[in-house]
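# Chain and residue survey
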Amino acid sequence: MKTIDELLAEGVSGKRVFVRADLNVPLADGQITDDGRIRAVLPTVEALTGAGAKVIVASHLGRPKGAPDPAFSLLPAAERLGELLGKPVAFAQDTVGPAAHAAVDGLEPGQVAVIENLRFNPGETSKDDAERAAFADELAALADVYVGDGFGAVHRKHASVYDLPARLPHYAGYLIATEVGVLQKLTEEVQRPYAVVLGGAKVSDKLGVIDNLLEKADRILIGGGMVFTFLKAKGYEVGASMLQEDQIPVVQEYLKRAEEKGVEFVLPVDVVVSGGFPDLKAKEPTHPDTVPADAIPAGQMGLDVGPATAELYAAKLADARTIFWNGPMGVFEHPDYAGGTRAVAQALLDSPAFTVVGGGDSAAAVRLLGFDENAYGHISTGGGASLEYLEGKTLPGLAALED
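Residues numbered from 1 in each chain as written. Predicted model: local features only at pLDDT ≥ 70, side-chain atom pairs only at ≥ 80, totals over all residues. Heavy atoms only, no water.

Regarding its fold elements, the chain presents 15 helices and 17 strands. Along the first, second and third principal axes, the C-alpha set of the chain runs to 65 × 45 × 40 Å. Across the 403 residues that make up the chain, the buried fraction comes to 55%. When contacts within the chain are restricted to residue pairs at least 6 apart in sequence, long-range pairs at least 24 apart make up 76% of them. Of the roughly 16,200 Å² of accessible surface on the chain, a fraction of 49% belongs to carbon and sulfur atoms. Separation of charge centres in the chain, based on 35 positive and 56 negative side chains, amounts to 3 Å. (Helix = DSSP H or I, 4+ residues; strand = E, 2+ residues; numbered from the N terminus. Buried < 20%, exposed > 50% of the residue type's maximum accessible area, 1.4 Å probe, protein only. Contact = heavy atoms within 4.5 Å. Areas by Shrake-Rupley, 256 points an atom, 1.4 Å probe, with all protein chains shown as cover. Lys, Arg positive; Asp, Glu negative; His and termini not counted. Charge placed at Lys NZ, Arg CZ, Asp CG, Glu CD.)

Right, here's the structure in full:
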């Protein structure tokens with residue numbers, strides 16, 4: 001795929017450059033709680049504006065139902081982008097209508113406009129090729145050049161990600177180029193030992209990547225809500241913990257395959273439990289208990305890995321040369337259940353390995369818990385995209401940027 005550096009060498013002064021970014025930031029009461037994805041696109045936008053391009057930034061936010069919904073407006077993201085750029089950013093209140101055209105027509109070289117949430121148009125996410133193509137045609141009318149830089153969306157076959165690049169000269173932005181380079185280090189140029197830490201709520205979300213990593217990783221450490229399906233698969237009682245009972249046979253098969261292949265599967269030896277899920281707004285103390293992983297009491301819910309597990313996992317990561325981490329170890333948003341996630345985040349910092357934090361909740365946890373994100377080898381902006389790449393899948397948004 002061609003990169004933005006090749007585009008800049010060709011010259012972009014006065015050209016309308018459509019940047020498909022990922023501004024899908026978390027909001028609480030209309031306020032951005034983590035602007036990491038906005039900051040991630042800054043190098044691309046600044047390079048283009050510095051070269052005199054008229055930059056149109058587009059993104060989705062959340063999952064609106066193909067129609068305008070004020071709760072999912074990109075206005076807060078556009079305002080934050082302007083603050084980070086240190087210059088005004090125009091905002092169009094539609095995607096391809098009069099407001100979008102007026103905003104783009106009003107741009108001078110070096111200026112930026114953000115158009116409204118792409119998913120306000122049903123054509124963006126449609127499974128009908130013709131409907132997606134029609135929306136891509138309308139988006140293409142806004143620009144002369146396409147730059148793909150929304151890594152968090154490249155696993156989606158959506159109009160602005162997959163169909164639009166075919167209609168314009170297309171290039172990969174700095175973020176996508178960086179993300180792909182990092183993922184190649186996790187799949188093609190791996191330094192060993194290669195340790196993978198997987199957490200998060202549902203084991204079903206991670207089955208594909210576990211299947212593929214059994215061929216590549218040396219150690220797989222499991223935490224988060226998904227771990228209780230593994231513990232149950234080993235015959236342990238898990239109380240009221242999150243459990244995907246239908247996935248137990250698959251998990252048992254993976255544990256067997258790991259043993260046959262010499263891949264070390266590391267599960268918790270202790271668990272932090274409580275009688276119910278904590279209030280994440282009030283964050284009042286909940287008086288949790290720590291119990292052995294094979295002795296979770298009936299009625300108790302596992303909400304984090306325990307301190308002995310935190311020490312074990314740190315030891316298992318200490319000699320690794322490559323570490324990929326995707327998914328928190330517990331309910332990190334509450335201080336009573338952040339210990340496991342904090343320990344893994346610290347273990348990555350203490351390790352000499354090339355470390356990759358795989359987007360989503362893991363990246364949010366690093367920032368929420370006060371770690372220096374620049375101290376990690378790479379913090380991905382796309383959890384789902386990273387996982388699908390590691391599963392060996394073809395990502396539509398990357399394929400569309402290739403020539």
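Okay, back to it.
The axes of two packed helices give the description: the angle between them and the distance between them. In contact at an axis separation of 10 Å, helix 7 (residues 174–187) and helix 14 (residues 383–390) are set at 40 degrees when each is read in the N-to-C sense. Classified by the interaxial angle, the pair formed by helix 7 and helix 14 is oblique. The interaxial crossing formed by helix 7 with helix 14 has right-handed handedness. Taken together, the residues of helix 14 that come into contact with helix 7 (itself represented by Val180, Leu183, Gln184, Leu186 and Thr187) are Ser386, Tyr389 and Leu390. (Axes fitted to C-alpha atoms, helices over the stretch in contact; angles between N-to-C directions. Parallel < 35°, antiparallel > 145°, perpendicular 65-115°, else oblique. Left-handed = near helix turned anticlockwise from the far one by under 90°.)

With parallel pairing, 6 strands are arranged side by side in an open sheet as 11-10-9-15-16-17. Edge positions in the sheet fall to strand 11 (264–266) and strand 17 (378–379), since each has one partner strand and no second. Where strand 9 (residues 194–198) meets strand 10 (residues 219–222), 4 bridges bridge the pair, whose relative direction is parallel. Paired with Val196 across the strands is Ile220, a residue of strand 10. Strand contacts of helix 11 (residues 307–318): strand 9, strand 10, strand 11 and strand 15 (322–326), with the helix running at about 155 degrees to strand 10, the strand carrying the most contacts. (Pairing = 2+ DSSP bridges.)

With that settled, consider the side chain of Asn326. Along the chain, the position of Asn326 falls in strand 15. Residues contacting Asn326, with those up to four places away along its chain left out, are Val197, Leu198, Gly199, Lys206, Gly358, Ser362, Gly383 and Leu387.

Moving on, we come to the side chain of Ser386. Here Ser386 is to be found in helix 14. A distance of 3.0 Å separates polar atoms of two side chains, one belonging to Ser386 and the other to Ser380. With near-sequence residues (within four places) excluded, Ser386 lies in contact with Phe151, Leu183 and Ser380. (Polar contact = N/O pair within 3.5 Å; in protein donor to acceptor, adjacent residues only side chain to side chain.)

Core analysis: the largest hydrophobic core is formed by 71 residues, its most contacted members being Ile115 and Phe230. Apart from the residues within four sequence positions on either side, Phe230 is in contact with Val203, Ile210, Ile222, Val251, Leu255, Phe265 and Leu267. Membership of the second largest hydrophobic core comes to 28 residues, among which are Val25, Val45, Leu61 and Tyr171. (Core = buried A, V, L, I, M, F, W, Y, C linked by side-chain atoms within 4.5 Å.)

Right, let's get into the sheet that holds strand 13 (residues 289–292). The antiparallel open sheet is built from 3 strands, whose spatial order is 13-12-14. The open sheet has two edge strands, strand 13 and strand 14 (301–305), and neither has a second partner. Each strand axis lies, on average, 45 degrees off the axis of its neighbour in the sheet, ignoring direction. Here strand 12 (residues 270–274) pairs with strand 13 via 4 bridges, running antiparallel. Within the sheet, the bridge partner assigned to Asp270 lies in strand 13 and is Pro292. Strands in contact with helix 11 are strand 12, strand 13 and strand 14; relative to strand 12, the strand with the most contacts, it is inclined by about 145 degrees.

Of all the positions in helix 13 (residues 360–368), only Ser362, Ala363, Ala365 and Val366 are classed as buried. Take helix 13 and look down its axis: the buried residues cluster within an arc of 160 degrees, on one side only. Contacts made by the buried residues of helix 13 are with strand 15, helix 12 (339–350), strand 16 (354–357) and strand 17. With its phi angle positive at about 85 degrees, Gly370 sits one or two positions after the end of helix 13. (Arc of directions from axis to C-beta.)

This next bit is on the pattern of salt bridges. Counted according to the given criterion, the structure contains 21 salt bridges. Asp319 is paired through a salt bridge with Arg219; the nearest N and O atoms lie 2.9 Å apart. In this pair, Asp319 is assigned in the loop between helix 11 and strand 15 and Arg219 in strand 10, connecting sequence segments 100 residues apart. Asp319 gets classed as partly exposed once you look at its relative accessible area, which sits at 43%. (Salt bridge = Lys/Arg side-chain N within 4 Å of Asp/Glu carboxyl O.)

Right, let's get into the pairing of strand 9. Buried residues dominate strand 9, accounting for 5 of its 5 residues. Of the two faces of strand 9, the one carrying Tyr194, Val196 and Leu198 and the one carrying Ala195 and Val197 are both buried. With helix 8 (residues 207–213) bridging strand 9 and its parallel neighbour strand 10, the resulting β-α-β unit is right-handed. (Right-handed = clockwise from strand over helix to strand, strands pointing away.)

As a further point, take the environment of Pro165. Tracing the backbone shows Pro165 in the loop between helix 6 (159–163) and strand 8 (170–172). Separated by 236 residues in sequence, Pro165 and Leu401 have C-alpha atoms that sit 6.6 Å apart. Once residues within four sequence positions are removed from consideration, Pro165 is found in contact with Tyr146, Ser160, His170 and Ala400.

Under the criterion given, the structure shown has 2 aromatic pairs. A ring pair is formed by Phe18 and Tyr146, whose centres lie 6.0 Å apart and whose planes are at 15 degrees; its orientation type is stacked. Of this pair, Phe18 sits in strand 1 (residues 16–20) while Tyr146 sits in strand 7 (residues 145–148), and the two are 128 residues apart along the sequence. Exposure class is identical for Phe18 and Tyr146. Each is buried. Judged by centre distance (5.5 Å) and plane angle (35 degrees), the rings of Phe230 and Phe265 are tilted. Taken as a pair, Phe230 in helix 9 (residues 227–233) and Phe265 in strand 11 lie far apart in primary sequence, 35 residues in all. Exposure remark for Phe230: the relative accessible area of 0% places this residue in the buried category. (Phe/Tyr/Trp six-rings, centres within 6.5 Å; stacked < 30°, edge-to-face > 60°.)

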